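Coordinate analysis (summary)
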Amino acid sequence: MNERSWLARPAAFFAGDPKPLGREGAVAVIGLGRFGGSLARELASHGVDVIGIDIAEAVVGEFAETLTYVSRADATDEVALRQLGIDEVSRVVIAIGGDLQASILVASRILKLGNQHIWAKAISEPHAEILHQMGIDHVVRPENDMGRRLAHLIRGHISDFLPIDEDFVLARTTPPVRISDAPLASIGVRTTYAVTIVAFKRNGTEHWDIADPEVVLYADDEILVAGHPRKVEAFSELDKDADG
Ligand code: ATP
């Protein structure tokens, strides 16, 4: 049992003052709806202390056994946030989307508290723009990001797709025939296709290796490719172009 394991016990066990949790590296999740709730659960399942806040009593009750500390509070209330020690927390996620006014008000309160890392969910482009303009560094649009990802998966050449930013993605695919059977360095993938092959997994094995320049890839390997989404997409479709 590590020294912090007592903090990871369910909230029902932790009934005291939440303030030390912030100083100990807890993450605050404000809004425990579908997005905030699954995020909070996932963090907790990885042993992260989570302070969950929601305005709805019933929602708070659902998380009492899962999170280190949960509180029913209106996060637009700065005094309530300070009482919960949110000003001491370095990582805060504002997971309120549908109620635009609440999202903006909470974001302004949190910015005022001066937390180091703030993520906020947006449900539309204008919403994201407002949060960015206010000074929120990380604005996430889960439905949008998932839609983009799914579009790439459905098209068939890419089996997993991780948007890192608007103009940079990491995709899991298979090596196009024209880059197979020769050392990567001899192909010039980066100069020819403007993408980088980061890692590969041999057919029949379970582990990934870094794709060094001398690596030879085969058509039945799997690869991770990084670069601009359009370039990565084009690269993953090289065989299709050859067929057509
Ligand atoms: P999701 O899709 O994640 O379920 P949503 O966009 O449909 O979210 P929201 O209106 O964003 O729903 O609410 C997400 C959660 O935030 C809800 O559980 C709601 O009770 C909570 N919430 C809304 N306003 C506040 C507030 N002022 N303070 C704390 N929690 C709030």
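Everything quoted here is computed from the prediction, not taken from an experiment. (Residues numbered from 1 in each chain as written. Predicted model: local features only at pLDDT ≥ 70, side-chain atom pairs only at ≥ 80, totals over all residues. Heavy atoms only, no water.)

**What to know about the overall build of the protein**
A count of helical and extended segments in the protein gives 11 helices and 11 strands. Computed over its C-alpha atoms, the radius of gyration of the protein comes to 22 Å, more than 25% above the 18 Å expected for a compact globule of 244 residues. Its C-alpha atoms give the protein principal-axis dimensions of roughly 65 × 45 × 30 Å. Taking the intrachain contacts of the protein between residues at least 6 apart in sequence as the baseline, contacts between residues at least 24 apart amount to 55%. Working note: accessible area of the protein is about 13,000 Å², and carbon and sulfur atoms make up 53% of it. Where the 24 positive side-chain charges of the protein centre and where its 37 negative ones centre are 2 Å apart. (Helix = DSSP H or I, 4+ residues; strand = E, 2+ residues; numbered from the N terminus. Rg over C-alpha atoms; globule rule 2.2 N^0.38 Å. Contact = heavy atoms within 4.5 Å. Areas by Shrake-Rupley, 256 points an atom, 1.4 Å probe, with all protein chains shown as cover. Lys, Arg positive; Asp, Glu negative; His and termini not counted. Charge placed at Lys NZ, Arg CZ, Asp CG, Glu CD.)

**Remarks on the sheet that holds strand S4 (residues 91-94)**
The strand order S3-S2-S1-S4-S5-S6 describes an open sheet built from 6 strands, whose pairing is parallel. The outermost strands of the open sheet, each flanked by one partner alone, are strand S3 (69-72) and strand S6 (138-140). Between one strand axis and the next, the sheet turns by 15° as a mean value, whatever way the strands run. As judged from the 4 bridges shared by S4 and strand S5 (residues 117-121), these two strands associate in the parallel manner. Counterpart to Ile94 in the pairing with S5 is Ala120. Each of strand S1 (27-30), S4 and S5 touches helix H5 (residues 100-113); the most contacted strand, S4, lies at about 165° to it. (Pairing = 2+ DSSP bridges. Axes fitted to C-alpha atoms, helices over the stretch in contact; angles between N-to-C directions.)

**Re the UniProt feature "domain: RCK N-terminal" (unreviewed entry) in the protein**
What UniProt calls "domain: RCK N-terminal" (unreviewed entry) maps, in this numbering, to residues 24-140. Within residues 24-140, the helical portion is 42% and the strand portion 21%, while the C-alpha atoms at the span's ends are 25 Å from each other. (UniProt positions renumbered as here; feature names shortened; annotations may be inferred.)

**With respect to H5**
Over its 14 residues, H5 extends 20 Å from the first C-alpha to the last, a length consistent with the 20 Å expected when each residue adds 1.5 Å. Along H5, the positions that sit buried rather than exposed are Ala102, Ser103, Val106, Ala107, Ile110 and Leu113. Projection of H5 onto a plane perpendicular to its axis shows the buried side chains occupying an angular sector of 130°, all on one side. Residues of H5 that are exposed and point more than 90 degrees away from the buried face comprise Gln101 and Lys112. For H5, the elements touching its buried residues are S1, helix H4 (78-83), S4, S5 and helix H6 (125-134). Just downstream of H5, Gly114 is the residue with a positive phi angle, here 80°. (Expected span 1.5 Å × (residues − 1). Buried < 20%, exposed > 50% of the residue type's maximum accessible area, 1.4 Å probe, protein only. Arc of directions from axis to C-beta.)

**A look at the site of the ligand**
Neighbouring the ligand are 19 residues; Arg34, Phe35, Asp54, Gly97 and Gly98 lie closest to it. In this structure, Arg34 approaches the ligand through a main-chain N or O atom, which is 2.7 Å from an oxygen atom. Gly98 places a polar main-chain atom, nitrogen or oxygen, 2.8 Å from an oxygen atom of the ligand. Contact with the protein chains covers 81% of the free accessible surface of the ligand, which is 630 Å². Classifying every residue of the shell around the ligand by side-chain character gives 9 nonpolar, 5 polar and 5 charged. (Near = heavy atom within 4 Å. Polar contact = N/O pair within 3.5 Å; in protein donor to acceptor, adjacent residues only side chain to side chain. Nonpolar A, V, L, I, M, F, W, Y, C, P; charged D, E, K, R; others polar.)

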